[in-house]
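The residues making up each chain are set out below.
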Amino acid sequence: MSITIIRNGPYRAPSIIGSLFPHLHINVNYRSSLLKFNNMVNSKMEPKRENSLAHGIGTKNMLELTPHAGRKPYNSIFDWGVYFPYIAQATRSKQYHFPRVTNMVQNDPVLQRAIKQAAEQILREKQMSMDFSKEDLNKNNDKENNARDSPSGYQNILNKQEHRAITILKDMRSTLNNFLLALTSWILYKLLPCFLSGVVTHTQQIEMLKAASEKAPGIPLIFLPLHRSHLDYIMVTFILYNNDIRSPLVAAGNNLQIPVFGELLRGLGAFFIKRKIDPVVGKKDIVYRAVLHLYLQHALKVGHNVEFFIEGGRTRTGKPCLPKGGILSVIVNAFMDRSIPDALIVPVSVNYEKLVDGNFVREQRGEKKDPESFIKAISGIWKALNSNYGLMRIDFNEPYSIKELVQSYNKIANEDGTMKVYKPSVRTLQHNQSTSSLYGTDVVCEEHRSLIDSISRQVVFDCAVATSVMSTNALAFLLLTRYRKGAAEHEIAKGLDELRTTLKGRKDIGFSGDSSHIINYAVDLLGENLVVRQEGDDGVTTIQPKGTIESWIELAYYSNTLTPHFALQSICLNTFHKLLPKSDVLSEKQEPGVSRKRLIEVALENCEVFRYEYILNKPTQVLGNMLEIALDELIMQGFIKTAQSDNQADAPVETMRMARAIASYIESNDLDQDDDDDDVNDYVNVDQIEEPDMFLVPETITQQKALCEVLAPFAQTYLIVAESLFILYKNPMLESEFMKFVMKELHAKVANKQCPYPESISTDSVRNCLKVLEKWFVVEISNQSGLRLLALGTLYETSRDSLKNILQRMYNILPQYNNGYF
């Protein structure tokens with residue numbers, strides 16, 4: 001059968017169909033070939049830029065690897081896998097048995113108890129409602145009331161809850177099977193090269209996972225990726241399946257239960273959960289929580305691996321979101337209940353050169369998200385097939401055991417002394433078999449909550465550190481911090497060289513090659529809607545951001561992959577410049593400087609502002625120590641100097657840290673020798689605090705400004721939220737209405753140039769700021785009839801001027817450019 005398709009536009013769909021079904025003999029007729037030829041003749045013969053980029057060192061493109069295809073030693077020379085490598089790879093991959101657990105869940109006594117408890121709760125609520133209205137009822141209605149309390153009424157409620165549990169289980173279940181895995185694997189081998197230049201990962205990481213699963217075959221692997229795209233879970237499963245690692249069950253939002261694609265995802269391992277488990281605020285959905293917990297528990301018991309996104313939904317800003325510990329709590333409970341002997345947590349980092357799902361600009365501007373639909377899914381696939389999204393990078397980090405984590409946290413909790421690094425609870429973590437963690441009917445113990453929070457924050461932190469830097473991340477970061485007004489191509493390439501040197505050995509760089517080529521490649525990939533390339537009369541090519549609000553917000557998404565890496569340094573440097581005396585108050589002989597101790601103290605306060613924006617340290621790390629390390633790095637980079645800077649220029653950070661710790665230890669011992677001299681010691685400490693020992697380096701002021709700009713957009717958002725608090729004085733309002741007011745203010749200040757960072761328009765940052773203000777008791781949020789009401793805290797409601805302190809604290813985290821040094 002032969003089909004001829006006439007192609008006039010840039011679409012590649014006919015070619016894709018032809019590659020999928022070669023027996024159709026599809027001929028693609030390009031009518032525009034002559035026109036293209038004429039354009040080539042008439043245009044200047046410019047050298048064409050390469051549209052590909054070499055991936056990072058030590059990595060492999062999974063789309064080019066088919067380990068189960070090809071002729072093997074001692075195999076027949078007629079091995080068909082040589083001629084059909086993708087089919088061979090898909091069908092020869094290791095087949096696993098994926099047992100269904102729905103019947104186990106349905107027959108579990110715990111579920112039956114949950115159903116009974118839910119029915120009793122409904123009956124009590126009805127009884128309470130009837131009691132409230134009894135005063136208005138006549139005695140003639142007593143018979144009707146008694147009828148509602150009859151055993152048959154309770155039985156009807158119980159039957160409805162049993163039916164609801166079965167319905168929930170049916171909607172939730174996964175139908176993971178080998179046939180659909182093989183079919184999807186073959187299709188992906190064919191389709192992915194149409195819009196991705198590669199799916200890159202380290203083969204050593206794959207071998208590490210194989211070794212872990214073979215060493216402990218009864219221990220489930222728990223894959224926890226950072227969530228960027230709907231393609232994430234499909235690609236993780238694709239890589240695991242083609243490397244003979246058991247494919248996991250994947251927790252997916254029920255918004256993906258759309259026709260055709262929902263069932264396809266279900267067959268690839270997805271089990272669907274509600275995005276909002278409790279439909280009524282403040283009231284636990286006992287049955288749903290029980291079904292979800294038991295489904296996961298039995299899945300782990302029978303040997304399923306599990307994958308879920310610890311952030312919840314996809315990141316809308318490009319940086320990691322704070323974790324949600326619900327599903328992780330279920331898995332830890334399964335270990336604590338001895339349902340499983342252990343589980344291995346595998347943090348997974350996923351990154352794209354260009355996001356396949358499009359951007360989240362509308363949502364960041366405060367507009368509603370478009371719901372998922374069949375038409376939207378088809379449209380998205382069609383658009384993807386006719387686009388270029390560059391490289392996709394997946395990193396599987398080293399697994400760690402839940403059993404060892406629990407033992408480590410308990411050991412730390414039991415240690416005595418003043419040098420405790422982390423103490424989740426006074427008591428050793430214990431777990432009693434109950435329904436508290438199953439469906440939230442009782443109070444969960446604080447030790448358990450602390451443990452879950454610590455593990456989840458550790459996972460997100462490790463994922464963020466291990467996320468590879470792609471070419472578009474690097475370019476967007478440079479444009480938003482150092483070259484906001486644009487610069488010559490060679491100048492940005494030089495900036496990229498410096499950035500690569502800074503990141504070397506600290507973050508994995510997902511590209512290699514000449515920086516000039518990388519810049520041009522990233523510009524082409526991001527497109528003219530984000531980045532503009534112009535050639536001047538002097539022949540110098542300049543590159544600059546497009547300049548629209550939408551382009552700034554989208555560029556910030558790509559840049560935010562790098563902001564967590566520089567966050568602590570940015571806070572330290574911003575604090576340093578904030579504490580510097582203004583240049584006009586210093587004499588000619590005085591060097592501008594501050595006390596290191598004072599700098600760390602204020603930097604810790606500033607870190608508190610960003611507590612919901614970033615995870616700045618692991619739970620087992622002391623934030624003050626991390627700030628000390630960040631300060632040492634600033635000294636090594638030549639941004640700050642000390643009196644001993646000449647001797648420390650080549651000293652590594654670890655050496656500087658150890659020397660400082662020894663000096664601090666000797667000093668503290670000397671001060672403790674005589675307990676009667678406390679007043680003298682206090683006087684000495686004051687002198688040391690006030691005496692500057694960290695000094696400005698004017699030669700690197702340009703690089704310092706770029707580093708200060710890293711967190712400036714977030715600080716600007718927080719400042720505008722603080723300014724908007726005055727509208728709440730004696731005037732509580734719905735949180736959604738306050739959000740609209742703040743977003744309107746952000747748009748107005750960006751339009752009036754009062755806010756120099758259009759990417760400050762971010763609903764995520766506004767919400768994070770409100771969380772901080774709630775933590776500080778500046779605002780109070782209450783639920784009324786399912787609506788969140790926002791009001792000022794008691795202290796700030798009585799005194800409007802007290803809000804000025806909050807305003808000043810937000811102002812302190814903004815970069816200081818008016819002190820006479822920039």
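Calculation criteria
- Residues numbered from 1 in each chain as written.
- Predicted model: local features only at pLDDT ≥ 70, side-chain atom pairs only at ≥ 80, totals over all residues.
- Heavy atoms only, no water.
- Helix = DSSP H or I, 4+ residues; strand = E, 2+ residues; numbered from the N terminus.
- Expected span 1.5 Å × (residues − 1).
- Polar contact = N/O pair within 3.5 Å; in protein donor to acceptor, adjacent residues only side chain to side chain.
- Pairing = 2+ DSSP bridges.
- Disulfide = S-S within 2.5 Å.
- Buried < 20%, exposed > 50% of the residue type's maximum accessible area, 1.4 Å probe, protein only.
- Core = buried A, V, L, I, M, F, W, Y, C linked by side-chain atoms within 4.5 Å.
- Contact = heavy atoms within 4.5 Å.
- Axes fitted to C-alpha atoms, helices over the stretch in contact; angles between N-to-C directions.
- Parallel < 35°, antiparallel > 145°, perpendicular 65-115°, else oblique.
- Left-handed = near helix turned anticlockwise from the far one by under 90°.
- Nonpolar A, V, L, I, M, F, W, Y, C, P; charged D, E, K, R; others polar.
- pLDDT = per-residue confidence, 0-100.

Asks: Help me out: how do you make sense of helix H24 (residues 596–609) in this one?
Replies: Residue pairs spaced three or four apart in an α-helix point in one direction, given the helix's 3.6 residues per turn. The terminal C-alpha atoms of H24, which comprises 14 residues, lie 20 Å apart, in line with the 20 Å expected from a rise of 1.5 Å per residue. The N-cap of H24, judged by a side-chain oxygen 3.3 Å from the amide nitrogen of lysine 597 a few residues on, is serine 595.

Asks: Would you mind going over the sheet that holds strand S15 (residues 593–594) with me for this structure?
Replies: What holds strands together in a sheet is hydrogen bonding between their backbones, with the strands either parallel or antiparallel. Read from one edge of the open sheet, 3 strands run S15-S17-S16, paired in antiparallel fashion. With one partner strand each, in any of the chains shown, S15 and strand S16 (640–641) form the two edges of the open sheet. The pairing of S16 with strand S17 (residues 694–696) spans 2 bridges and is antiparallel. Residue pairing in the sheet places lysine 641 in a bridge with phenylalanine 695 of S17.

Asks: So what exactly am I meant to see when it comes to the state of the cysteines here?
Replies: Think of a disulfide as a covalent bridge from one cysteine sulfur atom to another cysteine sulfur atom. Counted according to the given criterion, the structure contains 0 disulfides. Not engaged in a disulfide, the cysteine cysteine 572 finds its nearest cysteine sulfur in cysteine 607; these two sulfurs lie 6.9 Å apart. On the basis of relative accessible area, cysteine 572 is assigned to the buried category, the value being 0%.

Asks: Would you mind showing me how to read the nonpolar core here?
Replies: Judged by nonpolar contacts, the single largest core of 214 residues is most densely connected at Phe308, Phe396 and Leu773. With 11 residues, the top contributor of residues to this core is helix H12 (residues 286–301). Other than its neighbours up to four places away in sequence, leucine 773 contacts Val721, Leu725, Val778, Val779, Ile806 and Met810. In terms of nonpolar packing, the next biggest core, distinct from the first, is built from 8 residues, Tyr233, Val250, Ala252 and Leu256 among them.

Asks: What's the story with the packing of helix H23 (residues 563–579) against H24 in this structure? I'm lost.
Replies: In helix packing, the relevant descriptors are the interaxial angle and the interaxial distance, both defined with respect to the helix axes. The interhelical angle for the contact between H23 and H24, taken along N-to-C directions, is 120°, at an axis separation of 9 Å. Relative to H24, H23 is oriented oblique. In this structure, the crossing between H23 and H24 has a hand that is right-handed. Across the interface between the two elements, Leu568, Ile571, Cys572, Thr575, Phe576 and Leu579 of H23 pack against Arg598, Leu599, Val602, Ala603, Asn606 and Cys607 of H24. Within the contact of H23 with H24, the residues separate by chemical class into 9 nonpolar, 2 polar and 1 charged.

Asks: What's the story with the confidence of the model for the chain in this structure? I'm lost.
Replies: In low-pLDDT segments, the atomic positions of the prediction should not be examined closely. With 79% of its residues at a pLDDT of at least 70, the chain reaches an overall mean of 81. Within the model, pLDDT remains below 50 along residues 143–148, and this stretch shows 5 contacts once partners closer than five positions in the same chain are excluded.

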